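Commentary on secondary and tertiary structure
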Amino acid sequence: TLTKTYEPLTETTAIELAIKLHFFENSTSINCKEIGDGNLNLVFHLTDENNKGVIIKQALPYAKVVGESWPLTLKRAQIESNSLKEAAKHVPSLVPTVYYTDEHLAITVMEDLSHLTISRKGLMNGEDYPLLSEHIGQFLAKTLFYTSDFGLNQQKKKLLQQQFANPELCKITEDLVFTDPFYDSETNNFERELLPVVSEIWNDSSLKLEVAKLKYSFLTNGEALLHGDLHTGSIFASNNETKVIDPEFAFFGPIGFDVGQFFANLIVNALSREPQKQGVLFDHINKTWDVFTTEFTKQWTLDSVEYFTKTEGYLSYVFQSILEDTIGYAGCELIRRTIGLAHVADLDNIPSIETRLKAKTKALQLGKYFILNRANIHSVEDFIQVSLQHV
Ligand code: ADP
Ligand code: MG
Ligand code: MG
Ligand code: MG
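If you're wondering where the values come from, they're calculated on a predicted model, not measured in any experiment.

**Comments concerning the side chain of E80**
- Relative to the elements of secondary structure, E80 occurs in helix α2 (residues 76-90).
- The exposure class of E80 is buried, given its relative accessible area of 2%.
- Within the structure, E80 has its side chain in polar contact with the side chain of K57 (distance 2.9 Å).
- If sequence neighbours within four positions are ignored, E80 has contacts with K57, M110, D246, P247 and E248.

Quick look at the structure:
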């Protein structure tokens, strides 16, 4: 390793580091800009005069969004780079290449993806990204199957599970997704006009019971190595490429959590669009599920390591429970992105207050509906049908 003591990099020391690591010739003039827009980390973009670029992402020892009062483990940098490397075994074209990591500095040096756009931003600008669902369906099928007990030797899986114990980052999700939005917590953040519908959520004991079940499943159901933060802000896209970044929340959890977060973030984008332009988001949901289940089935047939996968009816049982989880977690994501600590720009940037409040109210009602009715929605078509009735 390069240094023993952690220090946050500056644009100047990031350049020195890149030279020391031979990413650039000493002589070249290097430009460096901190471009992090996330909540937890520094991201340096370095380029030389030939426009050759590299990214250095560094974890901070606290959550930037809250300030130094919220300490956060540096180990997440290692989790992130290990997760990117694990994903690269299965879907090398769908993640940035990791060039170098340093545990002490909490850095990941990786492929520069500046030629792509963060898909949330692109979708907000009306882009449709025709290959997004094909690629994310593949990403989900491969990364989840090959780290689950269906596709990975069960002893190896348990060892990998130890490597990806991620208690502090999981705790953030446990609080911000499953706990805080469902009571009057200080971390919540919403327009006061929403209070009547928010109060309904806080007072709905059957809803809170279902959320408790989903949270418990998140805590205990280590099915596969999840990305853990698979919203549209963690996906770079163009019309022909897709790259998934930012898996610092990776851990072994329920498969439906990744799928559900992705679906919910497509839905919040749909809610921000005029009706004629929403269809493409639901086509993406449909296609993602189709590609996910088709690929997962192929892998199940070809690469299964478990004898019970031969049991008749078992695969469709697995898909049914993944779909039920997906719908429940999508519901939690819709609610927490509307009234919790971390919002989405899709909804927050709707300029007219009236339109914005309408969209947010729909997000909350749809979220509630998903959580309460997830066991009675038996296909992705029904899931889309229900969504269309709300948007
Ligand atoms: P955080 O964990 O803080 O959310 P991200 O990994 O999401 O950090 O990165 C924050 C931002 O930095 C991204 O939205 C993107 O604009 C930029 N970024 C991150 N990784 C890359 C990359 N490999 N290439 C180009 N830009 C990147
Ligand atoms: Mg991010
Ligand atoms: Mg992150
Ligand atoms: Mg059922």
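Picking up where we left off.
**Some details on the coordination of the magnesium ion (ligand 3)**
- Binding of the magnesium ion (ligand 3) to the protein goes through D246 (OD), D246 (OD) and E248 (OE), at separations of 1.9 to 2.3 Å.
- A separation of 3.6 Å is found between the magnesium ion (ligand 3) and the magnesium ion (ligand 2), which share D246 as a coordinating residue.
- For D246, a relative accessible area of 16% gives the class buried.
- According to the relative accessible area criterion, E248 is buried, its value standing at 3%.

**Let's talk about the packing of aromatic side chains**
- Counted according to the given criterion, the structure contains 25 aromatic pairs.
- An angle of 75° between the planes, with centres 5.4 Å apart, marks the rings of F257 and Y329 as edge-to-face. Residue F257 is located in helix α9 (residues 255-271), and its partner Y329 is located in helix α11 (residues 314-339); the two are separated by 72 residues in the primary sequence. With respect to burial, F257 and Y329 carry one shared label: buried.
- Between the aromatic rings of F308 and Y314, the centroid separation amounts to 5.1 Å while the plane-to-plane angle is 65°, which identifies the pairing as edge-to-face.
- You can call F308 partly exposed: its relative accessible area is 30%.
- In this structure an aromatic cluster arises from ring pairing among F145, Y146, F150, W289, F292, F296, W300, F308, Y314, Y317 and F319.
- A cation over an aromatic ring shows up here: K52 above the ring of F24, its NZ or CZ 5.0 Å from the ring centre.

**So, the sheet that holds strand β2 (residues 41-47)**
- Strand order in this open sheet of five strands is β1-β2-β3-β5-β4, and the pairing throughout is antiparallel. Pairing within the sheet leaves two strands with one partner each, and these edge strands are β1 (31-34) and β4 (98-102). With strand direction ignored, the average angle separating the axes of adjacent strands in the sheet is 20°.
- Strand direction decides the pairing type here: β1 and β2, joined by four bridges, are antiparallel. For E34, the partnering residue across the bridge sits in β2 and is F44.
- Relative to β4, α2 is tilted by about 155°, and along the sheet it contacts β2, β3 (53-59), β4 and β5 (107-110).

**Comments concerning the sheet that holds strand β6 (residues 117-118)**
- Strand order in the open sheet formed by three strands is β6-β8-β9, and the pairing between neighbours is antiparallel. Each edge of the open sheet is held by one strand with a lone partner, namely β6 and β9 (242-244).
- Relative to strand β8 (residues 235-237), β6 runs antiparallel, the two sharing two bridges. The residue of β8 that forms the bridge with T117 is A237.
- The sheet strands contacting helix α4 (residues 132-145) are β8 and β9, and the helix crosses β9 at an angle near 40°.

**Here we look at empty space enclosed by the protein**
- Across all of its chains, the model carries two cavities of 30 Å³ or more by this definition.
- Approximately 120 Å³ is the volume found for the largest cavity.
- Among the elements of the structure, α2, α4 and β7 (224-226) are those that each provide at least two residues to the lining of the largest cavity.
- Each residue belonging to the lining of the largest cavity can be placed in one class, and the counts come to eight nonpolar, five polar and two charged.
- Taken domain by domain, the makeup of the lining of the largest cavity includes at least three residues from each of domain 1 (11-110) and domain 2 (117-390).
- Here the second largest cavity defines a volume of roughly 50 Å³.
- Along its surface, the second largest cavity is lined by N41, K57, Q58, A59, R76, A77, E80, A106, T108 and E248.
- Listed by contribution, the elements that provide at least two residues to the lining of the second largest cavity are β3 and α2.

**Notes on the site of ligand 1**
- Not every one of the 19 residues close to ligand 1 is listed here, only the nearest: N41, K57, L113, D246 and E248.
- Taking K57, its side chain carries an N or O atom lying 2.8 Å from an oxygen atom of ligand 1.
- Contact between ligand 1 and E248: an oxygen atom at 2.7 Å from a side-chain N or O atom of the residue.
- Burial of ligand 1 by the protein amounts to 93% of the accessible area it has alone, namely 550 Å².
- Looking at the shell around ligand 1, the elements that each hand over two or more residues are β2 and β3.
- For the shell around ligand 1, the class distribution of residues is nine nonpolar, four polar and six charged.
- Counting residues domain by domain, the shell around ligand 1 receives three or more from each of domain 1 (11-110) and domain 2 (117-390).

**With respect to the environment of V91**
- Residue position: V91 is located in the loop between α2 and β4.
- Owing to a relative accessible area of 5%, V91 belongs among the buried residues under this scheme.
- For the pair V91 and Q138, spaced 47 residues apart in sequence, the C-alpha separation works out to 7.8 Å.
- Leaving out residues up to four positions away in the same chain, V91 has contacts with Q138, F139, K142 and T143.

Basis of the calculations
- Residues numbered from 1 in each chain as written.
- Chains lettered and ligands numbered in written order.
- Predicted model: local features only at pLDDT ≥ 70, side-chain atom pairs only at ≥ 80, totals over all residues.
- Heavy atoms only, no water.
- Helix = DSSP H or I, 4+ residues; strand = E, 2+ residues; numbered from the N terminus.
- Buried < 20%, exposed > 50% of the residue type's maximum accessible area, 1.4 Å probe, protein only.
- Polar contact = N/O pair within 3.5 Å; in protein donor to acceptor, adjacent residues only side chain to side chain.
- Contact = heavy atoms within 4.5 Å.
- Donors = N, O, S within 2.8 Å, 3.2 Å for Na, K, Ca; no water.
- Phe/Tyr/Trp six-rings, centres within 6.5 Å; stacked < 30°, edge-to-face > 60°.
- Lys NZ or Arg CZ within 6 Å of the ring centre and 35° of its normal.
- Pairing = 2+ DSSP bridges.
- Axes fitted to C-alpha atoms, helices over the stretch in contact; angles between N-to-C directions.
- 1 Å grid on protein atoms, 1.4 Å probe; cavity = no way out; pocket = protein on both sides within 12 Å on 5 of 7 lines; lining within 4 Å.
- Points joined across faces, edges and corners; volume = space filled by probe spheres on them.
- Nonpolar A, V, L, I, M, F, W, Y, C, P; charged D, E, K, R; others polar.
- Domains from an automatic or database assignment.
- Near = heavy atom within 4 Å.
- Areas by Shrake-Rupley, 256 points an atom, 1.4 Å probe, with all protein chains shown as cover.

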